[in-house]
Amino acid sequence: MLIPHPLLGPRDAVEFTYLGDASLLARPDGLAEGADAAFHDYVYLRDNPAGVHRELWYHEQGDRSWLVVTRNTVTHEILGAELARDVALAMRGAK
Amino acid sequence: MTRLSGGLIDRSRTLSFTFNGRSYPGHPGDTLVSALLANDVRLVGRSFKYHRPRGVFSAGSEEPNALVTLGSGARAEPNTRATVAELFDGLEARSQNHAGPLGFDLLAVNDLLSPFLAAGFYYKTFMWPKAFWEKLYEPAIRRAAGLGSLSMQPDPDAYDKGFLHCDLLVIGAGPSGLSAALTAARAGAKVILADEDFRLGGRLLAESHTVDDAPATDWIAGVEAELASLPNLRLMRRTTVWGAFDHGIYGAVERVADHLPDPGAGVRQTLWRITARRVVLAAGATERHIPFANNDRPGILLAGAMRAYANRWAACPAQRVAIFTNNDDGHRTALDLLGKGVQVAAVVDTRPDATALGPYRTYPAAQVTNTWGRRGLTAIRVAHEGGSDWVTCDALGVSGGWNPNVHLASHQRGRPVWDAAAQAFLPGACPPGMIVAGAAAGQGSTHAALHSGAKAAQTALADLGIVANLPDLPRAEDTPLNLRPLWHVPGKRRAWVDFQNDVTVNDIALAHRENMRPVEHLKRWTTLGMATDQGKTANVTAIAVMADLTGQSIAATGTTIYRPPYTPVSLAVLGGGDTGAQFRPRRLTPTHPWAQAQGAVFVEVGPWMRAQYFPRPGETHWRQSVDREVLATRAGVGLCDVTTLGKVDVQGADAGVFLDRLYCNPMASLKVGMVRYGLMLREDGHVFDDGTCARLGAEHYVVTTTTAQAGPVFRQMEFARQCLWPDLDVHLISTTDAWAQISVAGPQARALLGRVVDGFDLSNAAFPFMACANLTVCGGLRARLFRISFSGELAYELAVPARYGAALMARLVDLGADLGATPYGTEALGVLRIEKGHAAGNELNGQTTAQMLGLGRMVSAKKDAIGTVMSRREGLVSDTRILVGLLPVDAAGPVVAGSHLFAEGAVQQTDTDQGWVTSACYSPHVGSSIGLGFLADGAARMGEVIVAANPLQRQNVRLRVVSPHFIDPDGGRLRD
């Protein structure tokens, strides 16, 4: 597989480490009310779609960027890749 | 049998090879099979299940029968298809899967037992009694049913892997592949042309027809010369493209030295990973057969293969042959054989309107209904309009049409599509960027192949913005097959569909009766297509037979899924040379050369090689060295390279806040110039890693990790920085390799360090326990000093730039001679930390919590660090297991890590299990073995005697529960 790194262009997937569902970006506030339940969901509940999925890849053998890659898990078509930092900052701005 | 005339073999040279120990001659250009046929050897193997005598069936990589073991000794390679084994001088081959000689196989008794070995017999016959399956039935079946055996010796050959990139990958160098490659290469595109054969030309080499009124080889030679002159084309012979992967990546194996008598020191095979922007698949087609009763005798083969042997290799399996066909292609074989002087006994044609195309007898509207000949064909039974005849012949060529090689086109879930006009499955949805040309796309005539290849290349390059002109292509035959489908000859006797796995039409009928009708069920119930040839000559025929039985169309019946590899790929080449020392990168510590000079024994620690202990003259057992190193450290001063522990530099205005969120204990409050022990949790609340966190400046921390977790911790830190808290001003860099770090431990540590520091005050008041500082040593060398202790002694860790590590170690040993300075390795390091009761990898195995380590109070509830919330869940909090020390009641008794702990007298089972021993060693300080372990309610059980059960060795050892701190429990030595 080739991953279109937003800074470095197409890179071979062997350079990356896979983590999983990009919902891990939305970490709950541990000091907030109801944190126990929120963390249960955060740590254990994941969607596992057959189709388009947003997932986290780490360019470990490269520039150490964490990426949010949008991939079709059925065809392995990659629909886009963004720096996870940008996605996370945008989520903060939206809050 | 003597050779026929002509052929693409070099008769000026004779090669000698052996088959089953007997020597035969051959020529350059021969394959093992063509040479065997030229020497009248027809029986080449035994079938998988019934041990029926088998001869060669095809002339290519689709071969189901002629599997042999090539080579001998460590180089013996089983299950090689003899049809594609290029002959060389000294080649050794042996047949497989028989008990006794090939001609009289004792296991042929299986053939008599065939009623019990029909489809699904695995699931039916051997089910009772259940326990017999594993011990009796399966081993016996595996011995009898099988292929060749491995040499059981290490592979002596070298393998390699490489990466290639191109605009256009052309797979197959037959007429369509050659014209595609020529079109693209002339346009200046970067082209790779790969073919599994050792000679370019594909099917053209097997035919007698002309191209531009000259032998096809003339045209091929011209194209080959032009391609060789173009620097933008890479020609890869003996290279099988075996898999189409995601995003235009193709797997290929180049057989670099398999055809050489002596592979020498070079690479035997290379695994190529080809990234292609566009692909033309010109993989050709595979002929199919027509099953009839007893169609598996040696001498019965594909008609196209028979023609290939005659035309390309000047070999024929017999003097007198017959042909069974449902199309005009079968007649071509008859004509070519006649032209070579072979006697054609009859052409049995299923078509009512069939007429002879030459001077041979043709039976129209006829079928072959049985055959005769125990170890080789002697006669066929022909049923025709006027009755039935026995026709004597020594070989029979069978032609049922051609199946396009759609495999690579289907590796990305694309299902082939049935084409009624072509009576064949054609490629369906191809992998992105692939165009199929030639016979693989159903364009089987030479004319059609040439033109579709050129056109495909032009279209593919146009996609890339490269303009390619169609070349002037030569005149070539363009005759239709005129095929009239017949999928099998009906009858009660066994008619083989899949030769390699011994699947017959009756087996398919049985699967149908047992409702295993979908093709995927059919495949698994009968094992159809599951042999090493993956049913290349069987699957489509089987699908048609099943369609016939169900009354469904072939289109509706469909195919099974095609998966890589196209042909078998050895595990050795997939490893690509990454074996032994090359399996993964090996990391050496800065003091490695110094330690080697000291005669250290090394041990693998993750990717690192670390000194395990330093034997001295007279020491005959590792324990002697380790005990000495431990005692010397506790009595004087010990030196150990601890560079392998991960080091991460953390800088920025928010560094403290950031570390507060990574460690469960507070770090922002750490004073500049001080170090704190830190515990990281995973978000699920379990311990992830431990280490130290040193604050060198207001915005500068250095954290250490365990050796094993250095990579994962850094990954987690980057995840936290980029994904969780991107708004913090913090930057990270791994400095593990930049700093050599040496532990200086023992009561004389301060005295020794005093001899290297440049006027730095090491006094307890100026540099107390858990202090850290930047300083210089040895007259100006920049360094970092940390007063931390893993051993429980007065101890420091001194870091200098990595390139000075070995020199610093040598100087410390030298300067400390009078203080008893002693280098120690990882074994002594382990003993020292177990004696002190420090947790390490054995305790931090991913299943333990801070509370279990006795560090539950470190988890701060005042801040939101990774894992804090989940560490409070009831299941973890209610776990009473806690780290304890363990001493054998009988001082000579062993303590074995991994043993499980039980109350004395308790029944030993899962629900009475109270914990386990995590670490154990012999402690020279205590004078007996000691251990650490997690024990239920351990804190309240000091002094109690429990049992450590080690059922693997039938051991029950009585242990006393003690404090995990075997030395200096109040920490006086650390602070001295």
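All values derive from a computational prediction rather than experimental measurement.

Draft legend 1. Seen up close, the overall build of chain B. What chain B contains, in helices and strands, is 23 helices and 50 strands. Counting only C-alpha atoms, chain B reaches 115 × 70 × 55 Å along its principal axes. Contacts spanning at least 24 positions in sequence make up 66% of the contacts within chain B whose residues lie at least 6 apart. Entry remark: accessible area of chain B is about 38600 Å², with carbon and sulfur atoms responsible for 54%. One finds the centroid of the 93 positive side-chain charges in chain B at a distance of 3 Å from the centroid of its 91 negative side-chain charges.

Draft legend 2. Here's a closer look at the pairing of strand β23 (residues 387–392) of chain B. Residues and elements named next belong to chain B. Here strand β22 (residues 379–384) pairs with β23 via six bridges, running antiparallel. Its bridge partner lying in β23, Ala383 is registered against Ser388. Hairpin connection from β22 to β23: two residues lie between these consecutive antiparallel strands.

Draft legend 3. View of the packing of aromatic side chains. Scanning the model with the defined rule gives 17 aromatic pairs over all chains in all. Judged by centre distance (6.3 Å) and plane angle (85 degrees), the rings of A:Phe16 and A:Trp57 are edge-to-face. In this pair, A:Phe16 sits in the loop between β2 (9–12) and β3 (17–21) while A:Trp57 sits in strand β4 (residues 52–58), placing the two residues 41 residues apart along the sequence. Of the residues examined, A:Trp57 reaches a relative accessible area of 8% and is grouped as buried. With 6.3 Å between their ring centres and 10 degrees between their planes, B:Phe767 and B:Tyr796 make a pair best called stacked. Here B:Phe767, found in the loop between α19 (749–754) and β41 (772–777), pairs with B:Tyr796, found in strand β43 (residues 795–801); they are 29 residues apart in sequence, far enough to count as distant. Looking at B:Phe767, the relative accessible area reads 3%, which means it is buried. The buried category is assigned to B:Tyr796, whose relative accessible area is 0%. Aromatic ring contacts, followed pair by pair, group A:Phe16, A:Tyr18 and A:Trp57 into a single cluster.

Draft legend 4. Fine view of the nonpolar core. Counting residues in each nonpolar core, the largest one holds 52 residues, and the members touching the most others are B:Phe17, B:Phe19, B:Leu32, B:Leu91, B:Tyr309, B:Val321 and B:Leu337. Once residues within four sequence positions are removed from consideration, B:Phe17 is found in contact with B:Arg22, B:Ser23, B:Tyr24, B:Pro25, B:Gly26, B:Leu32, B:Ala35, B:Leu36, B:Asn39, B:Leu87, B:Phe88 and B:Leu91. Ranked by size, the runner-up nonpolar core spans 41 residues in total, among them A:Leu25, A:Ala35, B:Val648 and B:Trp725.

Draft legend 5. Inspection of helix α20 (residues 805–815) of chain B at higher detail. Residues and elements named next belong to chain B. Those residues of α20 not exposed but buried are Gly805, Leu808, Met809 and Leu812. Each buried residue of α20 sits inside an arc of 100 degrees when the element is viewed along its axis, so together they form one side. Packing partners of the buried residues in α20 comprise α15 (592–597), β34 (637–641), β40 (739–745), α19, β43 and β44 (821–823).

Draft legend 6. Broad picture of unusual backbone geometry. All names here are of chain B. Each neighbour pair has its own omega, and for Pro564 with Pro565 the value is 0 degrees, a cis peptide bond. You will see that Asp212, though not glycine, has its phi angle at about 50 degrees, which is positive. Mapped onto the secondary structure, Asp212 falls in the loop between β10 (210–211) and β11 (214–215). Of note, the phi angle at Cys778 is positive, near 50 degrees, even though the residue is not glycine. Mapped onto the fold, Cys778 is located in the loop between β41 and β42 (781–786). Relative accessible area serves as the criterion here: at 28%, Cys778 is assigned to the partly exposed category.

Draft legend 7. Focus on the interface of chain B and chain A. Residue-level contacts link 32 residues of chain B with 36 residues of chain A. Of the roughly 2800 Å² buried where chain B meets chain A, counting both sides, 55% is carbon and sulfur surface. Three residues stand out in chain B for area buried against chain A, namely B:His247, B:Arg715 and B:Gln722, and they jointly supply 21% of the buried area on that side. Viewed at the interface, chain A and chain B are joined by six salt bridges. In this structure, A:Arg92 engages B:Asp727 in a salt bridge whose closest nitrogen and oxygen atoms are separated by 3.0 Å. Our count for the contact surface shared by chain B and chain A stands at 17 residue pairs in polar contact (both at pLDDT 80 or more). Secondary structure elements with two or more residues in the side of chain B that touches chain A: β15 (267–281), α18 (710–724), β39 (731–734) and α22 (868–871) of chain B. Per element, the largest residue contribution to the side of chain B that touches chain A is eight residues, and it comes from α18(B). Of the residues in the side of chain B that touches chain A, the class split is 14 nonpolar, five polar and 13 charged.

Draft legend 8. Seen up close, the packing of helix α17 (residues 655–662) of chain B against α18(B). Residue and element names in this part refer to chain B. Where α17 meets α18, the axes come as close as 11 Å, and the angle between the chain directions of the two elements is 120 degrees. Here α17 is positioned oblique relative to α18, judged by the angle of their axes. The two elements α17 and α18 cross, and the hand of that crossing is right-handed. Together, Phe658, Leu659 and Leu662 of α17 and Gln716, Met717, Ala720 and Arg721 of α18 make up the contact between the two elements. Here the residues of the contact of α17 with α18 sort into five nonpolar, one polar and one charged.

Draft legend 9. Geometry of the pattern of salt bridges. All names here are of chain B. In this structure the tally under the stated criterion is 49 salt bridges over all chains. Measuring nitrogen to oxygen at the nearest pair gives 2.8 Å for the salt bridge that ties Glu207 to Arg203. Across the pair Arg682 and Asp684 runs a salt bridge whose closest N-O atoms are separated by 2.9 Å. Connected via shared salt-bridge partners are Arg203, Glu207, Arg307, Asp329, Arg332 and Glu477.

Draft legend 10. Representation of the sheet that holds β23(B) within the structure. Residues and elements named next belong to chain B. Spatial strand order, β21-β22-β23: three strands in an open sheet with antiparallel pairing. The open sheet is flanked by β21 (367–372) and β23, the only strands paired with a single partner. Recorded for the sheet is a direction-independent mean angle of 25 degrees between the axes of neighbouring strands. Here β21 pairs with β22 via five bridges, running antiparallel. Across the sheet, Trp372 pairs through a bridge with Ala379, a residue of β22.

Draft legend 11. Quick look at the pairing of strand β13 (residues 239–245) of chain B. All names here are of chain B. Within β13, six of the seven residues are buried, which leaves the element mostly enclosed by the surrounding structure. Sheet analysis places β13 next to strand β14 (residues 249–255), joined by six bridges and oriented antiparallel. Bridge pairing links Thr240 to Val253 in β14.

Draft legend 12. Representation of the packing of helix α10 (residues 505–513) of chain B against helix α11 (residues 519–526) of chain B. Residues and elements named next belong to chain B. Running from amino to carboxyl end, α10 crosses α11 at an angle of 120 degrees, the nearest separation of the two axes being 10 Å. In terms of orientation, α10 and α11 fall into the oblique class. For the element pair α10 and α11, the recorded crossing hand is right-handed. Residue-level contacts link Asp507, Ile508 and Ala511 of α10 to Leu522, Trp525 and Thr526 of α11. Here the contact of α10 with α11 is composed, by residue class, of four nonpolar, one polar and one charged.

Draft legend 13. The arrangement of the sheet that holds strand β18 (residues 320–325) of chain B in detail. Residue and element names in this part refer to chain B. Spatially, β17-β24-β18-β19-β20 is the arrangement adopted by the five strands of the open sheet, whose pairing is parallel. The open sheet has two edge strands, β17 (300–302) and β20 (362–363), and neither has a second partner. Taken together, the two bridges between strand β19 (residues 343–349) and β20 define a ladder with parallel strand orientation. Note on β20: the bridge partner recorded for Val347 is Thr362. Against the sheet, helix α7 (residues 303–313) makes contact with β17, β18 and β24 (395–399), and its axis sits at roughly 85 degrees relative to β17, the strand it touches most.

About the cut-offs
Residues numbered from 1 in each chain as written. Chains lettered and ligands numbered in written order. Predicted model: local features only at pLDDT ≥ 70, side-chain atom pairs only at ≥ 80, totals over all residues. Heavy atoms only, no water. Helix = DSSP H or I, 4+ residues; strand = E, 2+ residues; numbered from the N terminus. Contact = heavy atoms within 4.5 Å. Areas by Shrake-Rupley, 256 points an atom, 1.4 Å probe, with all protein chains shown as cover. Lys, Arg positive; Asp, Glu negative; His and termini not counted. Charge placed at Lys NZ, Arg CZ, Asp CG, Glu CD. Pairing = 2+ DSSP bridges. Phe/Tyr/Trp six-rings, centres within 6.5 Å; stacked < 30°, edge-to-face > 60°. Buried < 20%, exposed > 50% of the residue type's maximum accessible area, 1.4 Å probe, protein only. Core = buried A, V, L, I, M, F, W, Y, C linked by side-chain atoms within 4.5 Å. Arc of directions from axis to C-beta. Buried area = accessible area lost by both parts, 1.4 Å probe. Salt bridge = Lys/Arg side-chain N within 4 Å of Asp/Glu carboxyl O. Polar contact = N/O pair within 3.5 Å; in protein donor to acceptor, adjacent residues only side chain to side chain. Nonpolar A, V, L, I, M, F, W, Y, C, P; charged D, E, K, R; others polar. Axes fitted to C-alpha atoms, helices over the stretch in contact; angles between N-to-C directions. Parallel < 35°, antiparallel > 145°, perpendicular 65-115°, else oblique. Left-handed = near helix turned anticlockwise from the far one by under 90°.

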